[in-house]
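Close look at the chain arrangement
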Amino acid sequence: MTSPSTLNVSKQLGSVKAVLCDIHGVLFDDGDHDQFPIPGSVHALNRLSTSGKVPFRLVSNESACTPDTVFKKFQKLKVDVEKSQIFVTVPAAYNIIKERHLRPFVLVHKNVQHCFDDLDQSNPNCVLLGDAVDNFHYDSLNEAFRVLMSSPQTQLFALGQGKFYRKGGTEELCLDVGPFTKALEFATGKEAEIIGKPSKTYFGAALKDMGVGASEAVMIGDDIVNDVGGAQSCGMKGVLVRTGKYRPSDEDHPTVQPDLIVDNFAQFIDILFKDG
């Protein structure tokens, strides 16, 4: 593998050899049926992709779509990206459960339920929780609770721990998987294993795929805790964008201080190439 070139991106970030970027809230927002690109994001990602100056991976906690579906969304938006550059949680969760020979109770979005069909789900000994949306209701959560309480060894897995996200085309905020995970943790006294950001394993897989160390990479996201804070805890720099789920109060977060704050992804790419 050829060594990636180094770009100097301001004193806050130092040298950057690789870029990790969130998808939802940074590149586009999802509506009920359509995608809503954040202004300038498609052009900016295409600039990054076609320049060949620095490798990148799109690292998302997307748990309502398969990698193929996410890739097709990018194709529809005419974004120059390869499927191998997209990291989402569903394949990672499938591999973990299969490798550990577990039998899951699966509570995920209807669009990805089929991804787990070939796993043995009889007499479950773990619970897998994703952004289930309409599949979240009392009966389904209570069944998950009962499975977790059936044995001290029963594990809880969550596809991320986001609090909320913004629905594309609106200003509406929607609950993410995190609050439902916390409810089950509180009720059972168990701690979920997070598959996705801010897991060091999840970030590490993307870094390994690019052949770079954490100190050489930067993560761009709209989630002050899971994107920015998660990246920083792994040794990366964290950039916060003022799009997606961003709230002005994020800039004064009590425990996470971004290395850089930009208005949007396009501004970050402008800075990247200007300094490079």
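Let us look at the structure shown here.

Quick look at the sheet that holds strand β6 (residues 56–59)
Judged by pairing direction, the sheet is parallel, and its 6 strands sit side by side in the order β7-β6-β3-β14-β15-β16 without closing on themselves. The outermost strands of the open sheet, each flanked by one partner alone, are β7 (86–87) and β16 (260–262). Of the pairings in the sheet, the one linking strand β15 (residues 237–241) to β16 comprises 3 bridges and is parallel in character. Paired with V241 across the bridge in β16 is V262.

Overview of the sheet that holds strand β13 (residues 193–194)
Taken together, 4 strands build an open sheet; the order of strands is β8-β9-β10-β13 and the sheet is parallel. The two strands at the open ends of the sheet, each matched to only one other strand, are β8 (104–107) and β13. In this sheet, strand β9 (residues 126–129) lies alongside β8 in parallel orientation, the contact comprising 4 bridges. In the strand pairing of β9, F105 is matched with V127.

Some thoughts on the environment of V147
Topologically, V147 is positioned in helix α5 (residues 138–149). The buried category is assigned to V147, whose relative accessible area is 7%. When sequence neighbours within four positions are dropped, the list of residues in contact with V147 reads F105, P124, C126, V127 and T154.

A closer look at the packing of α5 against helix α6 (residues 177–188)
A packed helix pair is summarised by two numbers, namely the angle formed by the two axes and the spacing between the axes. In contact at an axis separation of 10 Å, α5 and α6 are set at 40° when each is read in the N-to-C sense. With respect to their mutual orientation, α5 and α6 come out oblique. In terms of crossing hand, the pair formed by α5 and α6 is right-handed. Two secondary-structure elements touch here, α5 through L141, A144, F145, L148 and M149 and α6 through F180, L184, A187 and T188. Here the residues of the contact of α5 with α6 are counted per class, giving 8 nonpolar, 1 polar and no charged.

So, how was this worked out
- Residues numbered from 1 in each chain as written.
- Predicted model: local features only at pLDDT ≥ 70, side-chain atom pairs only at ≥ 80, totals over all residues.
- Heavy atoms only, no water.
- Pairing = 2+ DSSP bridges.
- Helix = DSSP H or I, 4+ residues; strand = E, 2+ residues; numbered from the N terminus.
- Buried < 20%, exposed > 50% of the residue type's maximum accessible area, 1.4 Å probe, protein only.
- Contact = heavy atoms within 4.5 Å.
- Axes fitted to C-alpha atoms, helices over the stretch in contact; angles between N-to-C directions.
- Parallel < 35°, antiparallel > 145°, perpendicular 65-115°, else oblique.
- Left-handed = near helix turned anticlockwise from the far one by under 90°.
- Nonpolar A, V, L, I, M, F, W, Y, C, P; charged D, E, K, R; others polar.

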